[in-house]
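# Report on the structure
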Amino acid sequence: MSHFSSTARLMKRGTDFLGTDYAILCGAMSWVSERQLVSAISNAGGFGVIACGAMTPDLLDAEIAATRALTGKPFGVNLITMHPQLPDLIAVCAKHGVTHVVLAGGIPPKGSVEAIKAFGAKVIVFAPTLALAKKLLRSGGDALVIEGMEAGGHIGPVSTSVLAQEFLPALAEDHLVFVAGGIGRGEAIASYLEMGAVGVQLGTRFACAVESIAHANFKKAFFRANARDAVSSVQVDPRLPVIPVRALKNRGSEEFTAKQIEVAKMLDAGEIEMGEAQLQIEHFWAGALRRAVVEGDVESGSIMAGQSVGMLKTEEPVADIMQELMTQSEAALRRS
């Protein structure tokens, strides 16, 4: 670590919190962030995060156990707050003594943060506005991830550079803030650390690592893509609040628009409730993403990718990616 001393100094609060060499989290990517990639990230000195996504408690149970068999280093679990079995998933994390739980996709339901704290784990939260960030940190969040719209998968409306300028001066002194969205190189990591972030989160950069189980077709699509190919989904109906998703443009993007119209009509006809409508859309995504990642269907599947995708050209081992990011960050900090 000594040859990364400038970066290490600025990351210290983050590495102390995570228990890692580097304060670099791997974003939880459904179907991609499973035992192989998560353990590789943690073994390389970063912090892997299992994407629970739509998994059942039994599947999560098996995934945590399998990950623990591959690494003795710390890793986390990402839980989606709208998952109908959230309390059971938290109980699975408790059973395994998971050290860090990331709560994503909306305000955590009543009692969920307390249930996680009860077994001694740290809670990492996401917040799209400064007011909500303060509220979540007051009500038990131990660390915050601010994620800009450049990210892949579910996104908010504001860019990373703007969020960083708004949140970091207000929060960085008293709180642990990680920056995510569109980070592809170490120079960007250095600049966010200098602004007060304690670490960063990258997803896209690791999605096509050698250790990623993503299908060869999925990886090829990433290597071919430019930043402008990673587009945000269209919201069809204002009454159906669908969180936009960034993915590479293909037939699957059009099918998602059609799915929204179908669900909006069912909502209109009173055939389903709003909660069920949103869940149906989530399930559609999970299925389309699985087709692309697992089966290699890059035509009708969903190829979720952030705008940093244009910087990816080849499959590299996780350890090499990690060293490159740290080396770039260190060089940038020593220049400044």
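Presented here is an overview of the structure given in this document.

Now for the overall build of the protein. Looking only at helices and strands, one finds 13 helices and twelve strands in the protein. The globule rule puts the C-alpha radius of gyration for 336 residues at 20 Å, and the 19 Å found for the protein is close to it. Principal-axis analysis of the C-alpha atoms places the extent of the protein at approximately 60 × 45 × 40 Å. Split into buried and exposed, the 336 residues of the protein put 54% on the buried side. Long-range contacts, defined as pairs at least 24 residues apart, comprise 65% of the intrachain contacts of the protein with a sequence gap of at least 6. For the protein, the accessible surface area stands at approximately 14100 Å², while carbon and sulfur atoms represent 55% of it. Taken together, the 30 basic and 35 acidic charged side chains of the protein have centroids lying 4 Å from each other.

Take the pairing of strand E3 (residues 75-80) next. Looking along a regular strand, one sees the side chains alternate between the two faces of the sheet. The element E3 is extensively covered by neighbouring structure, given that five of its six residues are classed as buried. The handedness of the strand E2 (residues 48-51) to E3 crossover, carried by helix H3 (residues 57-70), is right-handed. As defined by bridge partners, E3 adjoins strand E4 (residues 100-104) across five bridges and the pair is classed as parallel. Each residue of the ladder has a partner; that of Val 77, found in E4, is Val 101. Regarding topology, helix H4 (residues 86-96) serves as the crossover connection from E3 to the parallel E4, and that connection is right-handed.

The next subject is the pairing of strand E5 (residues 122-126). Within E5, four of the five residues are buried, which leaves it mostly tucked inside the rest of the structure. A crossover links E4 with its parallel partner E5, the connecting element being helix H5 (residues 112-118), and its sense is right-handed. Here three bridges tie E5 to strand E6 (residues 143-147), and the two strands are oriented parallel to one another. Bridging from a neighbouring strand, Ile 124 pairs with Ala 143 of E6. As for the winding sense of the linkage, the β-α-β connection from E5 through helix H6 (residues 130-138) to E6 is right-handed.

Next up on the list: a positive patch on the surface. A grouping of Lys 110, Lys 134, Lys 135 and Arg 138 is seen on the molecular surface, where their side chains present a positively charged patch. Along the chain, Lys 135 falls in helix H6. A residue is classified by how much of its surface remains accessible, and Lys 135, at 45% relative accessible area, is partly exposed.

The next subject is the sheet that holds E6. Pairing is parallel across the open sheet formed by eight strands, whose spatial order is E1-E9-E8-E6-E5-E4-E3-E2. The open sheet has two free edges, formed respectively by strand E1 (24-26) and E2, since each of these has just one partner strand. The average undirected angle you get between the axes of adjacent strands in this sheet is 25 degrees. Pairing analysis gives three bridges linking E1 to strand E9 (residues 199-202), with the strands arranged parallel. Along E9, the bridge assignment pairs Cys 26 with Leu 202.

What follows deals with the pattern of salt bridges. For the structure shown, the criterion picks out 13 salt bridges. A salt bridge links Arg 185 to Glu 187, with the nearest nitrogen and oxygen atoms 3.0 Å apart. Classification of Arg 185 by relative accessible area gives partly exposed; the value is 40%. Arg 334 is the salt-bridge partner of Glu 330, the closest N and O atoms lying 2.7 Å from each other.

We now examine the side chain of Thr 71. Tracing the backbone through its elements, the reader meets Thr 71 in the loop between H3 and E3. For Thr 71, a relative accessible area of 5% corresponds to the buried category. Polar side-chain contacts of Thr 71 include one of 2.6 Å to the side chain of Asn 43. Side-chain polar atoms of Thr 71 contact the backbone nitrogen of Lys 73, separated by 3.0 Å. Not counting residues up to four positions away in its chain, the partners in contact with Thr 71 are Ser 39, Ser 42 and Asn 43.

Turning our attention to the packing of helix H1 (residues 5-18) against helix H13 (residues 318-335). Packing of H1 against H13 brings their axes to within 7 Å, and their N-to-C directions diverge by 95 degrees. Considering their axes alone, H1 and H13 lie roughly perpendicular with respect to each other. Side by side, H1 and H13 meet where Ser 5, Ser 6, Thr 7, Leu 10 and Met 11 of the first sit next to Met 326, Ser 329, Glu 330, Leu 333 and Arg 334 of the second. Per-class residue counts for the contact of H1 with H13 are four nonpolar, four polar and two charged.

What counts as what
- Residues numbered from 1 in each chain as written.
- Predicted model: local features only at pLDDT ≥ 70, side-chain atom pairs only at ≥ 80, totals over all residues.
- Heavy atoms only, no water.
- Helix = DSSP H or I, 4+ residues; strand = E, 2+ residues; numbered from the N terminus.
- Rg over C-alpha atoms; globule rule 2.2 N^0.38 Å.
- Buried < 20%, exposed > 50% of the residue type's maximum accessible area, 1.4 Å probe, protein only.
- Contact = heavy atoms within 4.5 Å.
- Areas by Shrake-Rupley, 256 points an atom, 1.4 Å probe, with all protein chains shown as cover.
- Lys, Arg positive; Asp, Glu negative; His and termini not counted.
- Charge placed at Lys NZ, Arg CZ, Asp CG, Glu CD.
- Right-handed = clockwise from strand over helix to strand, strands pointing away.
- Pairing = 2+ DSSP bridges.
- Patch = residues over 30% accessible without salt bridge, like charges linked within 9 Å, V, L, I, M, F, W, Y side chains within 5 Å.
- Salt bridge = Lys/Arg side-chain N within 4 Å of Asp/Glu carboxyl O.
- Axes fitted to C-alpha atoms, helices over the stretch in contact; angles between N-to-C directions.
- Polar contact = N/O pair within 3.5 Å; in protein donor to acceptor, adjacent residues only side chain to side chain.
- Parallel < 35°, antiparallel > 145°, perpendicular 65-115°, else oblique.
- Nonpolar A, V, L, I, M, F, W, Y, C, P; charged D, E, K, R; others polar.

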